[in-house]
Amino acid sequence: MIRLTIDSTGLARTRFVVSPLHEAVNTLMASSLNSRTGPYAWVGRTRRVLRREKLELLAGLALEQDGGYIPDFLSPHPSGPDPTVTEQLEAVRRTDPERVRAELETVRNGLPAANLIGRQVPDTVLRSLQRGPRYFAERVADELGRYWELALAPYWPDARAVLDAEIDHRGRFLARHGSGALFNSLSPELSWSDGLIRLESRFEVNLPARMVLLMPTLVSRRIHVILDPVDGWNRAPTLMYPLAKSPAVPQSPTPALAQLLGPTRADLLAALIDPATTAALAARHFLSAGTVSYHLGVLHRSGLVSRVRSGREVLYRRTPRGEELVAAR
C-alpha cells in the first residue's frame, strides 16, 4: 500500500501536467503497456524502435516484467504544466551526477524497505557509466531524443490533444465536486479521505506530500505513483493514471456525407473523434497543412467544428451539429 499524507496547502498546490518524456519512458515498462488497437495502436509498437535502432542504454534499462525500477531522471520532474521535449531532454543532460549514480544503484539494489526489488544491470549500461555519470546522462539523452522522434513524435499532436481534453474534463469535475471527489474518481485502486491518499500496491510507502502532480497517460493501462528514491519527499510524487474511457476509433464517412460535404471535408469531420490540430490531421490524411486548414475553415464557418487554443496550438473538435451530421445514417 502506498500512503501519501497531504494537507490543505498540498491540495492547493496539486495540479495536472502533461509530460512527453514521462509517456516515452512509460513505454519502457512492457507489462503496463496499453496495447489497444485503433488510433493508439502505436503504443504497442514502440519497443520495435528500441530493437531496430539499437538504443543500447534504453534497451538495457527497459523492464520486461513487473517489480523493477527505471531511473527517474529519464523523465524529469515537470517545472510547469506543459514541458516541451526539448526542455526535458536538456534537463536529462544536466542531471546532477550524484543523482545519476544513486538512481542506477537503485536499479541494481532496489529499495528493500519499500518492496522494490533490484535487477541485473547490463554490461552496456555499466560500461557507459564507467565513463562518468555526466557522459552517461548525455548519451542516454541522445538515445531518448532519437527514440522520441521515431516512436512517439509522429503521434504526439493527436495524443496531446486527447490528454489536454482529459485535463479540461477533470478541471470541470474538480470545480463541481471538489478535490476529494476528484482523487476518488481517478481509479478504483485510489482513494482519498482525511488528508490521506491511498493506492493499492505491492510497494510499501508512507510519505508526506507537499503537493501531488496528476498526470494522465495514454501509454499505461494501470495507475501508479512515481516517487523519488534519492531525495525523499523534496520532489512531489507524481500520480499517473490511465484515461477512463477507451480511445474511440475514427469513423468512415457515409457516401451521403461525402456527397454533401465533399470527400475531403467528410473525411476530416469523421476523423475528429478527439480534438486534433491541423498538422496532425494533415499527417493522418496525407494532405498539406494548407489544404487541411482551408477545409477546416469551411467546416468552422458552417458550424460543424469549433476551435480552441491550447498553448501554442489550435485544436479542432466537432460541434454538436457536426456530431449529429456524422452520426446520421
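Anything mentioned here points back to the structure above.
Conventions and cut-offs
Residues numbered from 1 in each chain as written. Predicted model: local features only at pLDDT ≥ 70, side-chain atom pairs only at ≥ 80, totals over all residues. Heavy atoms only, no water. Helix = DSSP H or I, 4+ residues; strand = E, 2+ residues; numbered from the N terminus. Contact = heavy atoms within 4.5 Å. Areas by Shrake-Rupley, 256 points an atom, 1.4 Å probe, with all protein chains shown as cover. Buried < 20%, exposed > 50% of the residue type's maximum accessible area, 1.4 Å probe, protein only. Expected span 1.5 Å × (residues − 1). Arc of directions from axis to C-beta.

1. Structural notes on the overall build of the protein
Helices and strands together make up the secondary structure of the protein, namely 15 helices and 12 strands. Contacts spanning at least 24 positions in sequence make up 72% of the contacts within the protein whose residues lie at least 6 apart. Summed over its atoms, the accessible surface of the protein is roughly 15700 Å², and 51% of this surface lies on carbon and sulfur atoms.

2. Some points on the environment of Val121
Relative to the assigned elements, Val121 resides in the loop between strand S4 (116–117) and helix H7 (123–130). Judged by relative accessible area, which is 9%, Val121 ranks as buried. In the structure, Val121 is positioned 61 residues away from Gly60 in sequence and 7.2 Å away in space, judged by C-alpha atoms. The residues contacting Val121, other than those within four sequence positions of it, are Val107, Arg108 and Leu126.

3. Focus: helix H8 (residues 133–152)
A rise of 1.5 Å per residue sets the reference length of H8, with its 20 residues, at 28 Å; its end C-alpha atoms lie 26 Å apart and thus fit the reference within 8%. Among the residues of H8, Pro133, Phe136, Ala137, Val140, Ala141, Glu143, Leu144, Gly145, Tyr147, Trp148, Ala151 and Leu152 are the ones counted as buried.

4. Remarks on helix H10 (residues 179–186)
Among all positions of H10, only Gly180, Leu182, Phe183 and Leu186 are buried. Each buried residue of H10 lies within a common arc of 160° when the element is viewed along its axis, so the set occupies one face.

5. Quick word on the side chain of His224
For His224, the position within the fold is in strand S9 (residues 224–226). Taking the relative accessible area as the measure of exposure, His224 reaches 18% and is therefore buried. When sequence neighbours within four positions are dropped, the list of residues in contact with His224 reads Asn26, Met29, Leu199, Thr238, Leu239 and Met240.

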